[in-house]
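# Coordinates in review
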Amino acid sequence: MSHSDDAFTLGRRAATPLPGVFDGAVSGLSAAGALSRLRVLTAQQNRLEAERSAVLTRLYELRDDARRVREESSRRFVDDWDELVAEVGAALGTGRSAAGAAVHRGLDLRERTPRLFELFAAGRVSLPLVREVLRSSAAVLDDRVAAMFDDRITAWLAARAGLSITARAVADAAKSILTRLDPAAAREVPPVEPRERLEFHSRADGLVDLEAVMPKAEAIRLSSLVGPVAESVCRHDGRTLGQRQVAALVALAEGYESLGCRCGREGCDLREARPRTGAVSPDIRALAVIVLNETDLFDATSTEEDLFTPVSAPEATPEPEPAAPEPGSEPALAPELTPEPESQSAATAGHGAIVLTGDPGLTGPVTVEQARELIAQSRTQFRILGRRDPATGTVHAHGASGYRPTWYQLLVMRLTYPTCVFPGCSVAADRCQADHVGEYDKDDPAAGGPTTVAGRGTSGNLVPLCGFHHRIKTETGWLSDILQDGTVEWRHPAGGVWTVPPGAATDLLPGLGRIIWDGPEPGPARAKNPDGLETDAKRRAKARRALRIENRLLRHERREREAAEVEARERERERKEAEAQGHTYDATAPLKPPPF
């Protein structure tokens, strides 16, 4: 439903009870009371936004003081600003650019426009208007001019507090003031040029929205090309105009000047599509990886049964690990992940598939039916993610033999974590690096973190990290750990704790959690430092391993404490119920099970 829809005309109702924390305070409001409360809440929101900016400047101040007294850093790839941005991004749940902009905004308020900061802290001006003032005065270099501008724009805003002011009005007022104070610093708004882009957005119904922004001249040329191609079929073609326009756009990209008519008549002269030039290849290939459960694949294809190793087979020879798919193919990975008998019902509840492409807008979960349709329309190459042991029924796959993960391990990692796992980061996993959470020891692989992903009995040790946050994790005090359910826990030396859960693929493809990754035993350690001297990386890895052990003990103690508190609350509730009924409560009896 778009924002332009009339909710009253559509008959939309608000009959569901409010959350309990709001029910008493909100349900009794009149129309005038509701509007008055909204004004109060808006002022409170403005004050909170100002306080957040103040806290950001305090954090910057603390980090800057520490930098000034610290000895020369041994970091090579990140600096103090990078670490601060990572801290702020995790706390605000935003990416690198938004976090940096928030810190700069706080510093500008504190150092360049302190009077405006006071007005903001009083809740009398909103964040969008503050942003417009700071943006308009970004070119002011003279401190005296900046102070005078701060006085005048704050007085202008204070005189209009409580009135409805737009960002455009603030921008005009700021420009008028700067024109008198410092004409060279007055912000000239350049003409808005179109931001050319081409974006794909996957939809829930299996279709894809294509958003294209281009100059009008190019759009006119494209329209003039699409139109004739869309009309290059006879009137008996059953496709709608929209379907033919989409087909025409694809045909133009592939090098054709007409569509192949689908009327089905033998005598139709337009049945064959005509290429624009003789040098155009009629076969354009694009790689897509479709991952779905074995039980969903059998109904979708006419694949030979011996594609998979049946459970009742007398013997099974493990297949060598296949290489990554060749560019231009469209493989559909069919993991042999039929649920074990005791978990059949749990697995059938998670039917679904995942499509992975080079474009994040096209990557994501789809239904089984949509995956089958895509397989039927593609030149498909099947690859088995795991082989079943005929004796035990367990599914095995080849793991890494050293530092570098296999292609299938990278696939499972990206399925488990679709984006960078640093708090607030949304960089797609296929654009990230594979990070060993427990540091890999190349000199002694048995002592370092293994190259493993989620599977049976393990949550793995590989997660995707974008280049920036990978460097932050390597060279600063951030410490990551993978919990048993696959959640990635991050801890900062200042005491902050953040958790990032795995993606939806673990629910759609439950068999991923039952793969047993077979790999060779780690080789013997090699003496890189015969004198016993440790490198900085080795000392840092040893300290992090000790911290992870300590954090796991703390988590265990916290879970036990929370369980004891829950039991105490339940016993108190049962005691009150027993006393209300006139019974004597037995505190040694087991707790009653929940009523469901």
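Above: the structure in question.
## Here we look at the overall build of the protein
Helices and strands together make up the secondary structure of the protein, namely 17 helices and 15 strands. Relative to its full complement of 596 residues, the protein shows a buried share of 35%. Across the protein, the fraction of contacts at a sequence separation of at least 24, relative to all contacts at a separation of at least 6, is 65%. As presented, the protein carries roughly 35900 Å² of accessible surface, and 54% of it is formed by carbon and sulfur atoms.

## Quick notes on the packing of aromatic side chains
Following the criterion strictly, the structure yields six aromatic pairs and no others. Seen in terms of ring centroids, Trp478 and Trp490 are 6.3 Å apart; in terms of plane orientation they differ by 75°. Their pairing is edge-to-face. Taken together, the residues Trp478 in the loop between α15 (467-475) and β12 (479-482) and Trp490 in strand β13 (residues 488-491) connect sequence positions 12 residues apart. Each member of the pair Trp478 and Trp490 is classed as buried. Measuring from centroid to centroid gives 5.3 Å for Trp478 and Trp498, while their planes differ by 45°, and the two rings are tilted. Of this pair, Trp478 sits in the loop between α15 and β12 while Trp498 sits in strand β14 (residues 497-500); the two residues are 20 residues apart in sequence, bridging distant segments of the chain. Taking the relative accessible area as the measure of exposure, Trp478 reaches 0% and is therefore buried. For Trp498, a relative accessible area of 22% gives the class partly exposed.

## A closer look at the side chain of Glu574
Within the element layout of this structure, Glu574 appears in helix α17 (residues 536-580). One buried charged residue, Glu574, remains without a salt bridge, the closest side chain of opposite sign being Arg573 at 4.4 Å. Of the polar contacts made by the side chain of Glu574, one reaches the side chain of Tyr585; its length is 3.1 Å. The residues touching Glu574, leaving out its near neighbours within four places in the chain, are Tyr585, Leu591 and Lys592.

## Re the sheet that holds strand β8 (residues 387-388)
Strand order in the open sheet formed by three strands is β8-β9-β15, and the pairing between neighbours is mixed. Where the open sheet ends on each side, the last strands, each with one partner, are β8 and β15 (515-518). In the sheet, strand β9 (residues 395-398) pairs with β15 via four bridges, with the strands oriented parallel. The residue bridging His398 from the neighbouring strand is Asp518, located in β15.

## A short note on the environment of Ala146
With respect to the element layout, Ala146 can be found in helix α7 (residues 143-159). A residue is classified by how much of its surface remains accessible, and Ala146, at 9% relative accessible area, is buried. Counting along the chain gives 36 residues from Ala146 to Asp182, while the straight-line C-alpha distance between them is 9.6 Å. Non-local contacts of Ala146, meaning those with residues more than four positions away in its chain, are made with Arg112 and Val140.

## A few points about the sheet that holds β12
Taken in spatial order, the three strands make up an open sheet running β12-β13-β14, and their pairing is antiparallel. Two strands lie at the open edges of the sheet, namely β12 and β14, each paired on one side alone. Sheet twist, expressed as the average angle between the axes of neighbouring strands with direction ignored, equals 20°. Pairing of β12 with β13 involves four bridges; the strand directions are antiparallel. Within the sheet, the bridge partner assigned to Asp481 lies in β13 and is Glu489.

## A closer look at the pattern of salt bridges
Scanning the model with the defined rule gives 24 salt bridges in all. Among the ionic pairs, Glu562 bridges to Arg558, the shortest N-O distance being 3.8 Å. On the criterion of helical spacing, the pair formed by Glu562 and Arg558 is a turn pair, its members being four residues apart in helix α17. Exposure remark for Glu562: the relative accessible area of 42% places this residue in the partly exposed category. Here the salt bridges share partners, and the residues they tie into one network are Arg58, Glu61, Arg110 and Glu111.

## Observations concerning the pairing of strand β11 (residues 462-465)
One face of the sheet, then the other: side chains in a regular strand alternate in exactly this way. Of the two faces of β11, the one carrying Leu462 and Pro464 and the one carrying Val463 and Leu465 are both buried. Across four bridges, strand β10 (residues 433-436) lies against β11 in antiparallel orientation. Paired with His436 across the strands is Leu462, a residue of β11.

## Here we look at the nonpolar core
Judged by nonpolar contacts, the single largest core of 28 residues is most densely connected at Cys420, Val421, Phe422, Val463, Ile472, Trp478 and Trp490. Listing elements by their share of this core, those giving two or more residues are α3 (80-92), α4 (96-111), β11, α15 and β13. Residue contributions to this core peak at five residues, all from α3. Membership of the second largest hydrophobic core comes to 26 residues, among which are Leu109, Ala146, Ile153 and Leu178.

## Focus: helix α5 (residues 114-121)
Inspection of α5 places Leu116, Phe117, Leu119 and Phe120 among the buried residues, and these make up the whole buried set. Taken around the axis of α5, the buried residues stretch over an arc of 160°, which confines them to a single face. Just downstream of α5 lies Gly123, where phi reads positive at about 80°.

## Concerning the packing of α4 against α5
Where α4 meets α5, the axes come as close as 5 Å, and the angle between the chain directions of the two elements is 110°. One finds that α4 runs roughly perpendicular with respect to α5. Facing Leu109, Arg110 and Glu111 of α4, the residues of α5 in contact are Pro114, Leu116, Phe117 and Phe120. Its residues assigned to classes, the contact of α4 with α5 comprises five nonpolar, no polar and two charged.

Analysis parameters
- Residues numbered from 1 in each chain as written.
- Predicted model: local features only at pLDDT ≥ 70, side-chain atom pairs only at ≥ 80, totals over all residues.
- Heavy atoms only, no water.
- Helix = DSSP H or I, 4+ residues; strand = E, 2+ residues; numbered from the N terminus.
- Buried < 20%, exposed > 50% of the residue type's maximum accessible area, 1.4 Å probe, protein only.
- Contact = heavy atoms within 4.5 Å.
- Areas by Shrake-Rupley, 256 points an atom, 1.4 Å probe, with all protein chains shown as cover.
- Phe/Tyr/Trp six-rings, centres within 6.5 Å; stacked < 30°, edge-to-face > 60°.
- Lys, Arg positive; Asp, Glu negative; His and termini not counted.
- Salt bridge = Lys/Arg side-chain N within 4 Å of Asp/Glu carboxyl O.
- Polar contact = N/O pair within 3.5 Å; in protein donor to acceptor, adjacent residues only side chain to side chain.
- Pairing = 2+ DSSP bridges.
- Axes fitted to C-alpha atoms, helices over the stretch in contact; angles between N-to-C directions.
- Core = buried A, V, L, I, M, F, W, Y, C linked by side-chain atoms within 4.5 Å.
- Arc of directions from axis to C-beta.
- Parallel < 35°, antiparallel > 145°, perpendicular 65-115°, else oblique.
- Nonpolar A, V, L, I, M, F, W, Y, C, P; charged D, E, K, R; others polar.

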